[in-house]
Amino acid sequence: MRRSFLAAILLAPATALADAPPVTIPADRVLGVHGKNVYSENDWNGDGHGDLAVLVLSETRDAVGLYLMTSTPETGVLAVTEYASALLPYDAARVAAGDLSYSFTISDEDYEPLIQMRSAATGLSLSLSTNPGSEAPVVFSIRTSRQVPLESGHRMDPVCEIFFVELLGNGPQTAKVHLPDGNTLDYDPGPGPRLTDWHYTDLPAPCLP
Amino acid sequence: MRAVAFLAALACAPEASAEDIPQIDVTRLLASAAEGDFNDDGVPDRLLMVAAESGDAVDIVTFLSEPGSGTLRYVRTDRAVLPAQWPTTSGLYSVSYGYSDCDPCTQADVSRPILSSWTEDFSLETTLRWTETGWQITGARSSRNGFECLIDYARNTAKIDAFEDTTYTIDPGPAPALAPYWWREGLPQECRLTPRP
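Draft legend 1. Geometry of the overall build of chain A. A count of helices and strands for chain A gives three helices and 12 strands. Looking at the 209 residues of chain A, the share that counts as buried comes to 49%.

Written out as structure tokens, the structure is:
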């Protein structure tokens, strides 16, 4: 039902977006908001007006999803343009126990939304980036690292480095997973999956905190 | 007797239940804070800033961790706690953290949310602290037309930076309650926000 509703929104002409029925969710499903800020870092579609990203719990509350919205320059009114329902898993028990935590920041490199998931128990930390300015946003990259304590401080060891899109400093699409047995799995991850199609189960298990 | 039992049940009722959790239009979300430990129990709590139905104010929705379980529980919605000009494209809204007058500082002391609202006409920052009875205003900074007012209710001080580097102090008065549109009458006269005509 929701999927068809969103599909209708996505297929609607831009002028009709402002008239679309509101997308409402219970407030306790909101995990984080990346709204307009003083640096205009979230004008992803480059029209001079801030856009909005909201990190949410899925309807089934077992996954983390993302709403992307863009504003109509004339009025500032926002409309939902994308909804990805299962970007990362969500485990309420591990969250309540203080193991899992999620945060929503912006990338230092391109100011785009960066979704982070950390496990205190495993020391694993995952970052998922996307490109909300695109007409068809994809999962850009997923990087997982493990925090290893040292006598003084700690170091971060890479666990998964998956680049669906060629990024500056990286080759074309590459995926490298450091398996628990010490071996490394290299493969071609293929083109960036549409944000709306991505499901966290597409990710190799060692990559998940 | 039945009426007494009913009233007793009401008095013992929790402040909010799952059924009370408000439905939010996602396009009206302005900002969030998810790292602060407002109630000083070692577990992060959550606060959402949402554009009020009227568009001229910001509501805040508060979730606090349950003692023991760490699960977040919806506590309350405070209406119209900051001015807004929504949905104009010029408005900026954010939550950061701050503290004052604490040594040693508890988690709640350093997790005081600073709610900010900047528009073309004015800006207001309000520092809050969670107490057993709800949010308490501990500080405010208002500015309009190059005229800035800084109030610290914890220290009972208020300072005005006016034009040409003129600074003077005023009486902050009692800390206002976080009532709807409190800033219209709750700030000292010199610090009130008067939008341009």
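The rest of the description comes next.
Draft legend 2. Expanded view of the overall build of chain B. What chain B contains, in helices and strands, is three helices and 12 strands. Considering chain B as a whole, with its 197 residues, one finds that 49% of them fall into the buried category. Partitioning the contacts of chain B with sequence separation of at least 6, the portion at a separation of at least 24 is 44%. Working note: accessible area of chain B is about 9,900 Å², and carbon and sulfur atoms make up 52% of it.

Draft legend 3. Local environment of the sheet that holds strand S3 (residues 46–51) of chain B. Residue and element names in this part refer to chain B. In space, the four strands of this open sheet follow the order S2-S3-S4-S5, with antiparallel pairing throughout. This sheet does not close on itself; its edge strands, each paired only once, are strand S2 (29–33) and strand S5 (72–83). Taken over all neighbouring pairs, the strand axes of this sheet differ in orientation by 20° on average, direction set aside. Both S3 and strand S4 (residues 57–65) contribute to a ladder of six bridges, which runs antiparallel. By the bridge assignment, Met 49 is partnered in S4 with Ile 60.

Draft legend 4. Up close: the side chain of Ser116(B). All names here are of chain B. Residue placement: Ser 116 occurs in strand S7 (residues 112–118). By relative accessible area, Ser 116 is classed as buried at 2%. In contact with Ser 116, other than residues within four places in its own chain, are Met 49, Leu 82, Leu 92, Tyr 93, Ser 94, Leu 124 and Glu 125.

Draft legend 5. Fine view of the confidence of the model for chain B. Residues and elements named next belong to chain B. The predicted model of chain B has a mean per-residue pLDDT of 85, with 87% of residues at 70 or higher. Here residues 1–14 is modelled with pLDDT under 50, and outside its nearest four sequence neighbours on either side it reaches zero contacts, counting other chains as well. Among the prediction metrics, the complex's ipTM stands at 0.85, with pTM recorded as 0.86.

Draft legend 6. Up close: the pattern of salt bridges. Residues and elements named next belong to chain A. Going through the model one piece at a time under the given rule, you end up with 14 salt bridges over all chains. Glu 82 serves as the salt-bridge partner of Arg 194, at 2.8 Å between the closest nitrogen and oxygen. With a gap of 112 residues between them, Arg 194 in the segment after strand S12 (184–187) and Glu 82 in strand S5 (residues 78–89) connect regions that are remote in the sequence. Overall, the relative accessible area of 27% leaves Arg 194 in the partly exposed class.

Draft legend 7. Summary view of the interface of chain A and chain B. Residue-level contacts link 30 residues of chain A with 28 residues of chain B. Between chain A and chain B, the buried area comes to about 2,100 Å², and carbon and sulfur atoms account for 61% of it. The interface formed by chain A and chain B includes zero salt bridges. Joining chain A to chain B, the criterion identifies five residue pairs in polar contact (both at pLDDT 80 or more). Those elements giving two or more residues to the side of chain A that touches chain B turn out to be strand S1 (24–26), strand S2 (30–34), strand S3 (52–57), strand S4 (63–71) and S5 of chain A. Broken down by element, the residue count for the side of chain A that touches chain B peaks at four residues, all from S2(A).

Draft legend 8. Layout of the pairing of S4(B). Residues and elements named next belong to chain B. Within S4, nine of the nine residues are buried, which leaves the element mostly enclosed by the surrounding structure. Every second residue of S4 is oriented toward a common face, with Ala 57, Asp 59, Val 61, Phe 63 and Ser 65 on one face and Val 58, Ile 60, Thr 62 and Leu 64 on the other, all of them buried. Of the strand pairs in this sheet, S4 and S5 are connected by eight bridges, and their pairing is antiparallel. Looking at S5, one finds that Thr 62 is bridged to Arg 76.

Draft legend 9. How the structure looks around the environment of Thr196(A). All names here are of chain A. Mapped onto the fold, Thr 196 is located in the segment after S12. It is 13 Å that separates the C-alpha atoms of Thr 196 and Ala 63, two residues lying 133 residues apart in sequence. Here Thr 196 is in contact with Glu 82, Tyr 83 and Ala 84, once residues within four sequence places are set aside.

Draft legend 10. Quick look at the state of the cysteines. Residues and elements named next belong to chain A. With the rule as written, the count across this model stands at two disulfides over all chains. The disulfide partner of Cys 160 is Cys 207, and the gap between their sulfur atoms is 2.0 Å. On the sign convention where negative means left-handed, the S-S torsion of about -85° between Cys 160 and Cys 207 marks this disulfide as left-handed. Linking Cys 160 in strand S10 (residues 154–163) with Cys 207 in the segment after S12, this pair joins segments that are 47 residues apart in sequence. On the basis of relative accessibility, which here comes to 0%, the residue Cys 160 falls in the buried class.

Draft legend 11. Layout of the nonpolar core. Judged by nonpolar contacts, the single largest core of 42 residues is most densely connected at Leu47(B), Met49(B), Ile60(B), Leu115(B), Trp182(B) and Leu187(B). If near-sequence neighbours (up to four positions away) are discounted, Trp182(B) is found in contact with Ala80(B), Val81(B), Leu124(B), Thr126(B), Ile137(B), Ala140(B), Pro176(B), Ala177(B) and Leu187(B). Leu66(A), Tyr90(A), Ile115(A) and Met117(A) belong to the second-largest nonpolar core, a separate cluster that totals 32 residues.

Draft legend 12. Structural context of the confidence of the model for chain A. Residues and elements named next belong to chain A. Scored by pLDDT, chain A comes out at a mean of 84, with 84% of its residues at no less than 70. Across chain A, S1 holds the top mean pLDDT of 96, while helix H1 (residues 2–11) sits lowest at 45. Note that residues 1–17 has pLDDT below 50 and, in this model, 16 contacts with residues that lie over four places away or in other chains.

The rules behind each value
Residues numbered from 1 in each chain as written. Chains lettered and ligands numbered in written order. Predicted model: local features only at pLDDT ≥ 70, side-chain atom pairs only at ≥ 80, totals over all residues. Heavy atoms only, no water. Helix = DSSP H or I, 4+ residues; strand = E, 2+ residues; numbered from the N terminus. Buried < 20%, exposed > 50% of the residue type's maximum accessible area, 1.4 Å probe, protein only. Contact = heavy atoms within 4.5 Å. Areas by Shrake-Rupley, 256 points an atom, 1.4 Å probe, with all protein chains shown as cover. Pairing = 2+ DSSP bridges. Axes fitted to C-alpha atoms, helices over the stretch in contact; angles between N-to-C directions. pLDDT = per-residue confidence, 0-100. Salt bridge = Lys/Arg side-chain N within 4 Å of Asp/Glu carboxyl O. Buried area = accessible area lost by both parts, 1.4 Å probe. Polar contact = N/O pair within 3.5 Å; in protein donor to acceptor, adjacent residues only side chain to side chain. Disulfide = S-S within 2.5 Å. Core = buried A, V, L, I, M, F, W, Y, C linked by side-chain atoms within 4.5 Å.

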